[in-house]
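Breakdown of the fold
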Amino acid sequence: DTAVSQTPKYLVTQMGNDKSIKCEQNLGHDTMYWYKQDSKKFLKIMFSYNNKELIINETVPNRFSPKSPDKAHLNLHINSLELGDSAVYFCASSPRQGKAFFGQGTRLTVV
Amino acid sequence: SQQGEEDPQALSIQEGENATMNCSYKTSINNLQWYRQNSGRGLVHLILIRSNEREKHSGRLRVTLDTSKKSSSLLITASRAADTASYFCATDGGYGGATNKLIFGTGTLLAVQP
């Protein structure tokens, strides 16, 4: 059973489009995250949710909007995609102050 | 930015040798974690060390933590070709346990030559 699953795995889209990435965890964790990994492998936290509540929003353009319908899901919607949004986006979940479990990543390519 | 730094950025060794990676961070922490990322894959948790611990072992992994220097090291002994991956340290940002925010270092790319 996959602990943290995100879809799609690959996403190629044109500039200006709107797209969503979905994430689900079956571990019963309270906290979920979105991270962005750029071409230099830097992992930057974007959002953190705790029990469906937004805890952290790290200087992310408001074109990025996370949505957590319940504590097992944290989706990421991106409006008006730009070339600079191309990256690998990782969803993760963790218990409080514990180890995080990561999804396999979504490689977003904006053309 | 609270992002930590790791060094070296890249490390190439022969199978059987030991690999040491260092991590420095900037804020107070509750714990520090190490993760591994194989090419094209997600991150996998390796080991967690709490702020009141100085050393921890897990199989061929040994982690040390020096909170006075805000630094940690990961030692992989008797390396194997399968250890080839990127290794990241992560700290929890020291928010006093009120929240959970993992801040990752810049990573060390380890290549183990057979």
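Here we summarise the structure given alongside this text. (Residues numbered from 1 in each chain as written. Chains lettered and ligands numbered in written order. Predicted model: local features only at pLDDT ≥ 70, side-chain atom pairs only at ≥ 80, totals over all residues. Heavy atoms only, no water.)

Some remarks on the pairing of strand S6 (residues 53-57) of chain A
All names here are of chain A. Selection rule: Note on pairing: two strands pair once DSSP finds at least 2 bridges between them. For helices the rule is a DSSP run of H or I covering at least 4 residues; for strands it is a run of E covering at least 2, with both sets numbered from the N terminus onward.
Relative to S6, strand S5 (residues 43-50) runs antiparallel, the two being bridged by four bridges. Within S6, the position partnered with Asn50 by the bridge is Glu53. Between the end of S5 and the start of S6, which pair antiparallel, lie two residues, with Asn51 showing a positive phi angle near 50°.

Section: unusual backbone geometry
Along the chain, Thr7 of chain A connects to Pro8 of chain A via a cis peptide bond; the corresponding omega equals 0°. Along the polypeptide, Pro8 of chain A turns up in the loop between strand S1 (4-7) and strand S2 (10-13). A cis amide bond links Asp7 of chain B to the next residue, Pro8 of chain B, at an omega of 0°. Within the fold, Pro8 of chain B resides in the loop between strand S1 (5-7) and strand S2 (10-14).

Examining the pairing of strand S3 (residues 19-24) of chain B
All names here are of chain B. Test applied: Each residue is assigned to one of three classes by its accessible area relative to the maximum for its type, calculated with a 1.4 Å probe on protein chains only: buried under 20%, partly exposed between the two thresholds, exposed over 50%.
Burial along S3 is one-sided: the residues Ala19, Met21 and Cys23 are buried and none of Thr20, Asn22 and Ser24 is. Taken together, the three bridges between S1 and S3 define a ladder with antiparallel strand orientation. Opposite Asp7, over in S3, you have Asn22 as the bridge partner. Pairing of S3 with strand S8 (residues 71-76), which is carried by six bridges, proceeds in the antiparallel orientation. Looking at the pairing, Ala19 lines up with Ile76 of S8.

A few points about the nonpolar core
Just so we agree on the cut-off: Residues belong to a common nonpolar core when they are buried Ala, Val, Leu, Ile, Met, Phe, Trp, Tyr or Cys residues joined through side-chain atoms within 4.5 Å. Note on contacts: a residue pair qualifies if any of its non-hydrogen atoms lie within 4.5 Å across the two residues.
Core analysis: the largest hydrophobic core is formed by 21 residues, its most contacted members being Trp34, Met46, Phe47, Phe64, Leu76, Tyr89 and Leu108 of chain A. Of all the secondary-structure elements, those providing two or more residues to this core are strand S3 (19-25), strand S4 (31-37), S5, strand S8 (73-78), strand S9 (87-94) and strand S11 (106-110) of chain A. In contact with Met46 of chain A, other than residues within four places in its own chain, are Trp34, Tyr35, Lys36, Ile56, Asn57, Glu58, Val60, Phe64, Leu76 and Tyr89 of chain A. Met21, Ile29, Leu32 and Cys89 of chain B belong to the second largest nonpolar core, which has 20 residues in total.

Considering the interface of chain A and chain B
Selection criterion: Accessible-area loss on putting two parts together, using a 1.4 Å probe and summing over both, is the definition of buried area adopted here. Asp, Glu, Lys and Arg are counted as charged, while Ala, Val, Leu, Ile, Met, Phe, Trp, Tyr, Cys and Pro are counted as nonpolar; the rest, among them Gly, fall into the polar class.
With 23 residues of chain A at the interface, the matching set in chain B holds 22 residues. Carbon and sulfur atoms supply 49% of the area buried between chain A and chain B, which totals about 2000 Å² over both sides. Three residues, Leu43, Gln97 and Phe102 of chain A, lead the burial of chain A against chain B; their summed loss comes to 30% of the area buried on that side. Top contributing element to the side of chain A that touches chain B by residue count: S4 of chain A, with four residues. For the side of chain A that touches chain B, the class distribution of residues is eleven nonpolar, eight polar and four charged.

Taken by themselves, the reported measurements are silent on function.
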